[in-house]
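The residues making up each chain are set out below.
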Amino acid sequence: MKALGLDIGTTTLCLTVIDAQTGATIESTTLPNDTNIAGKPFERLQDPAKILAKAQDLLNAAVAKHSDIASLGIAGQMHGMLYIDAQGKACSPLATWQDQRGALVPELGVPAGYGCATHDYNMQHNEVPTQAVTFCTIHDYVAMQLAGATTPLVNATNAASFGLFDIAAGKFTVDWPMLPRVTNQAEKLGQTPQGIPVFCAIGDNQASFIGSVREPEKSILVNVGTGSQISFTGQGTHLETRPMPCGGSLAVGAALCGGRAYAMLEDFFRQVLAMAGVAATDELYPAMNALAMQPPEHSLTVDTRFGGTRANPALRGAISGLGLENFTPKHLTHGVLQGIVQELHDMYRAENIAGHSMLVASGNAVRKGEPLRRLFAEQFAMPLHIPVHKEEAAYGAALFGLTGAGVFASLADAQKLIQYREG
């Protein structure tokens, strides 16, 4: 028996096929999410029709190669939103989590990029499409379309990512007519044309946690993608509390620049080479990682909040401690990596909690970067574990789908399939 997990990210879409008995990844296919649409300077838009087409291509290719598929689970980029008409079709672009129009309505008290802030701005500026009847995330939309449904059913993981959502009550705190229907269960939406059951979509943060953490109560998860996040079970005091599907909650700290800070540095080095008349045809990350393998003397302190924070989008990063002896590519590379780690560790330390004994890491930046793995293990003073399987959000979506299909009695039972390699 097999299961499919689809993750719709900001920069890629991934579909994973797993063995439901062993947890082994049979196949994983990734496509670029090259669907960006030009908009106003503060807008960050993507084309939902093109994203849906890519998802359908991934599904069709998997079904053509694999049989005995028990379920399809879907996860995706949180906070963003798009409008849906009465026929269940998208009638607006996707405003992603990076969209900044919400910062222009700060009185709502919801961070920019969150769906309710985006919708509030649109209401105030008469930019809600006239044919719209509700809104949802992009992965809610894809799940609905693949299942043959015409109305989105939004899991609480996604509803909470919009803002203005009471996790304990399981409902929104405002009475806007376009708010979508919400569930916290692994509810079936319908089935694909091939007869595969499709379940409501979940947020990629929770999906990554489900797909990475074998022992939830003992573990901290750090993820470094475009942004970066730290997550562990329970209620956050200083950190955001997010619902888990099927019950429970996560304390989550999210940084807007994680891997993006390292990518920015790689681009800077690339520009320096171009200035000297050298065209860098390959990625510079291997050379950068080699530079950062050993901590340099006279290290730099790099604040990697280059894109601000959700609470303060205007905040910017900084480099301090520059001297005659440390203004070098090695010091700068190590400093940026340390800054990525430090931002997440500061969030964890602010919670002043104990009881965690495992640090689990996910995301391509961690898998490909030994210096980053070392820095995480040193900073948190815990052994680092990396899942054997890749594409953790897609894997977690697959486990969620299997739970919805009744193959496992609970998510905790499904998570026992996870295996680690030492970091």
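It should be emphasised that the depicted structure is a prediction, and the values quoted were computed from it without experimental measurement. As a convention, each chain's residues are numbered from 1 in the sequence order in which they are written. In view of the model being predicted, local features appear only for residues whose pLDDT reaches at least 70, and side-chain atom pairs are presented and counted only at 80 or more, with totals across whole chains, interfaces and linings using the full set of residues. Where side-chain values are given, they derive from all heavy atoms of the structure, hydrogens and water being excluded.

## Thoughts on the packing of aromatic side chains
When two rings of Phe, Tyr or Trp (its six-membered ring) have centres within 6.5 Å they constitute a pair, described as stacked for plane angles under 30 degrees, edge-to-face for angles over 60, and tilted for the intermediate range. Taken as a whole and assessed by the stated rule, the structure comprises nine aromatic pairs. Seen in terms of ring centroids, F135 and F162 are 5.2 Å apart; in terms of plane orientation they differ by 75°. Their pairing is edge-to-face. Highlighted residues: F135 in strand β9 (residues 132-136) and F162 in helix α4 (residues 156-162), separated in sequence by 27 residues. For the pair F135 and F162, one class covers both residues: buried. Ring-pair connections join several aromatic residues into one group, and the members of that group are F232, Y348, F376 and F380. Starting at the N terminus, helices and strands are each numbered in turn, a helix being any DSSP run of H or I of at least four residues and a strand any DSSP run of E of at least two. Buried, partly exposed and exposed residues are distinguished by accessible area as a fraction of the type maximum, computed with a 1.4 Å probe on protein chains only: under 20%, between the cut-offs, and over 50%, respectively.

## Section: the side chain of D140
Its location among the elements puts D140 in helix α3 (residues 138-147). Among buried Asp, Glu, Lys and Arg side chains, D140 stands out as unpaired, with R181 the closest opposite charge at 11 Å. Any pair of N or O atoms that falls within 3.5 Å is considered a polar contact. Within protein, one atom must be able to donate a hydrogen and the other to accept it, and sequence-neighbouring residues count only if both atoms are side-chain atoms. Within the structure, D140 has its side chain in polar contact with the side chain of T137 (distance 2.7 Å). Note on contacts: a residue pair qualifies if any of its non-hydrogen atoms lie within 4.5 Å across the two residues. For D140, the residues in contact, after removing those within four places along its chain, are L153, V154, N155, N158 and A201. All tallies of charge rest on Lys and Arg as positive and Asp and Glu as negative; His and the ends of each chain are not included. Whenever a carboxyl oxygen of Asp or Glu lies within 4 Å of a side-chain nitrogen of Lys or Arg, that contact is scored as a salt bridge.

## A word on the pairing of strand β2 (residues 12-19)
Counting buried positions over the eight residues of β2 gives six, a clear majority of the element. Think of it this way: DSSP has to see at least two bridges between two strands before they count as a pair. Relative to β2, strand β1 (residues 2-8) is paired through seven bridges, and the arrangement is antiparallel. Residue pairing across strands places A3 opposite I18, the latter belonging to β2. Connecting β1 to the antiparallel partner β2 that follows it, the hairpin turn spans three residues. In this sheet, strand β3 (residues 25-32) lies alongside β2 in antiparallel orientation, the contact comprising seven bridges. Bridge assignment links L15 to a residue of β3, and that residue is T29. If you look at the hairpin formed by β2 and β3, you'll find five residues sitting between the two strands, and G23 has a positive phi there, around 85°.

Read these as spatial facts, not as claims about activity.
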